Amino acid sequence: MCGIVGALLRSGSVTEGLIEGLSVLEYRGYDSAGVAVAREQGVEVCKRSGRLANLENALRESGFGASPAGIGHTRWATHGEPSDSNAHPHTGRSGRLAVVHNGIIENHVELKRELLSAGESFTSETDTEVLARMIDRHWVEEGDDEDALLRAVARVVPRLKGYYALALLATTPRGPVLVAVRQGPPLVVGVTEDGGFLSSDQLGVLPRTRDVVFLEDGDVARVGPGRLQVTDARGVEVVREATTIAWDPSDSGKGKYPHHMLKEIHEQPDVIARTAFDRIDLGAGDVRFEGGAFDDAFCRSIERVQILACGTALHAGQIARYLIEGLAGIPVDFDFASEFRYRQPRVVEGTLALAITQSGETADTLAATRLARELGARTTAICNVAGSTQVRESDAAILTHAGPEVGVASTKAFTAQVAAAILLAVRLARSRGALPEHKARELLEELRMIRPKVESLLTDAAIARCRAVARQHAGKRGFLFLGRGINFPVALEGALKLKEIAYVHAEGYAAGEMKHGPIALVDNDMAILVINAAGAVAEKTRANIEQTKARGGVMISVGSDDASHAIAAMSVPVPVTSEWLSPLLNSIPLQLVAYHIAEIRGCDIDKPRNLAKSVTVE
Ligand code: G6P
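Below or above, wherever it landed, is the structure these notes cover. (Residues numbered from 1 in each chain as written. Predicted model: local features only at pLDDT ≥ 70, side-chain atom pairs only at ≥ 80, totals over all residues. Heavy atoms only, no water.)

**Some words on the pairing of strand S26 (residues 554-559)**
Then comes step 1: Burial analysis of S26 places six of its six residues in the buried class, the great majority of the element.
Then comes step 2: Handedness of the strand S25 (residues 526-531)-helix H19 (residues 538-549)-S26 crossover: right-handed.
Then comes step 3: Running through helix H20 (residues 562-567), the crossover from S26 to the neighbouring parallel element strand S27 (residues 570-573) is right-handed. (Buried < 20%, exposed > 50% of the residue type's maximum accessible area, 1.4 Å probe, protein only. Helix = DSSP H or I, 4+ residues; strand = E, 2+ residues; numbered from the N terminus. Right-handed = clockwise from strand over helix to strand, strands pointing away.)

In structure tokens, the structure reads:
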């Protein structure tokens, strides 16, 4: 949510690198984009509402010159509509300081009032400009050099309420200065001999260096070539260790695909394999996590699991509930992270809070997990980003190995989360004797063999089936996605994908619940996708298909239950696997159907309107 980049080079021009960084971070918000660079006499700003391409055109037309230091921003609007004037960076009155910001300054109205009565004026409606003006005023009072700027920052920060990550660019008599401040949203710093770089996300720094430092809350960092000086919340200078990132910078490109989303859908056979296979111990019929995490003693002490997540990750969490309850016999609750905090939750002794999050930076999930910890739970995470706040704050974490996910609509991160949940459920089950060794081995063997089945859903022929469904139904008034048991959350996820990228109203529903209300919606302008895997609930789901069909519903069956295909108007067959693993397969055609409907409707698939990938505000 809002992408920040900054760089201070030993020599050369920074603009191209800033734009490159912003293009990688554009998934965090794309309401506007802007850059500021340092010149001898002050900072120069160029910013435009709309996509990054608008800024690039403006930069070309304005002949924005070279500078070795700059900051950039791509915005997901929180205060003030997306417009040129509300776009970041914002500057102080001296013209020597520019600020970009991710987050919300909750007391900005009060601070603005104070500044207005002191004679300050504003050009935007943003909370960020309030910050820029305030820091600038204090800087002028303190002096004109870097130390004076740091003193100004130290005076302003204690007055701010809210969550924010800031990058400040200033021009001093001794050259440009780049400062980062973190209180909430992530900030990552990388330093080489050629320059100091900062970004909201490791992807923004990765093209420069794989050794990155994740700043912590309260940190203020000065960044430059070969230089990283960090002071913590108490103002004490601290050393923050670098983490080496395994991701390859080229992983965040589109490769041969027209969209990140399609590329990421196609990566799923690898992603599931990377996340699951090395952790499977077939000999023992068990799962081994790195460093002996989730050992028998830990697992046996868990009396209850509380899942916390948002969006797609919560759907993976709902699947995890079926797995953990069904295989390990441990009671599981799940909550929207944003709701958990406000329902006075009761956390019983022995609770394990399980956060599921691709980014590890979702504000609601972090806040809910912190509350669970305060209430006595131990915390763990299924997360895709090593070094993220969620991972660092958890007692134990299971990393998914999905690689960078750039498409705003999550696909490969979801199947990786489901794969990780299967592993966790088996480990919990084995630790407490809830699953006999031979049964566990059978399930793990099936998981170990799943790759060709996933691949079979991504062949030209399989994709053509999904495209045919999309073509036939893209114009429908609405969509219902129905599933039972472990495939009910798959239905929810299918509906979410369609809403997110194709802007079609879609609802996921428990198949058995249809007759209690939604069936009234059914007519021939409603497409109904039923996810039905061969297994315990297949017959009951088939009965729901018949009930809906009898009311004129246009049925499309997805799954391994052949009898469902026989009674549906269209079908997308999926290979047979254990019902426990079926979400790994059934979700893929739903992703492809949503993708192709969005394509037919001419939607911006990788950057759906109003959304951002990493939501770092509550
Ligand atoms: C946003 C994204 C969703 C994502 C959710 C949780 O809403 O648009 O695709 O599922 O955040 O993100 P996380 O990084 O915590 O998995």
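**Here's the deal with unusual backbone geometry**
Then comes step 1: A cis amide bond links His88 with the next residue in sequence, Pro89, at an omega value of 0°.
Then comes step 2: Summarising the element assignment, Pro89 is placed in the loop between strand S4 (69-75) and strand S5 (90-91).
Then comes step 3: Of note in this structure, Phe294 is not a glycine but carries a positive phi near 60°.
Then comes step 4: With respect to the helices and strands, the residue Phe294 is situated in the loop between strand S17 (286-287) and helix H9 (296-300).

**Here we look at the site of the ligand**
Then comes step 1: Not every one of the 13 residues close to the ligand is listed here, only the nearest: Thr312, Thr357, Gln358, Ser359 and Thr362.
Then comes step 2: Note that an oxygen atom of the ligand is positioned 2.7 Å from one of the backbone N or O atoms of Gln358.
Then comes step 3: In this structure, an oxygen atom belonging to the ligand sits 2.5 Å away from a side-chain N or O atom of Thr362.
Then comes step 4: Looking at the shell around the ligand, the element that brings in the most residues is helix H10 (residues 311-328), giving three residues.
Then comes step 5: Residue composition of the shell around the ligand, grouped by class: five nonpolar, six polar and two charged. (Near = heavy atom within 4 Å. Polar contact = N/O pair within 3.5 Å; in protein donor to acceptor, adjacent residues only side chain to side chain. Nonpolar A, V, L, I, M, F, W, Y, C, P; charged D, E, K, R; others polar.)

**Some points on helix H12 (residues 363-374)**
Then comes step 1: Taking 1.5 Å of rise per residue, twelve residues should cover 16 Å, and H12 covers 16 Å from first to last C-alpha, within 8% of that figure.
Then comes step 2: Taken across its twelve residues, H12 has nine buried, putting it largely inside the fold.
Then comes step 3: Among the residues of H12, those classed as buried are Ala363, Asp364, Thr365, Leu366, Ala367, Ala368, Thr369, Leu371 and Ala372.
Then comes step 4: In this structure, the buried side of H12 is in contact with strand S18 (304-309), helix H11 (337-340), strand S20 (351-357), strand S21 (378-383) and helix H13 (389-393).
Then comes step 5: Where H12 ends, the next residue or the one after it, Gly376, has phi of about 110°, a positive value. (Expected span 1.5 Å × (residues − 1). Contact = heavy atoms within 4.5 Å.)

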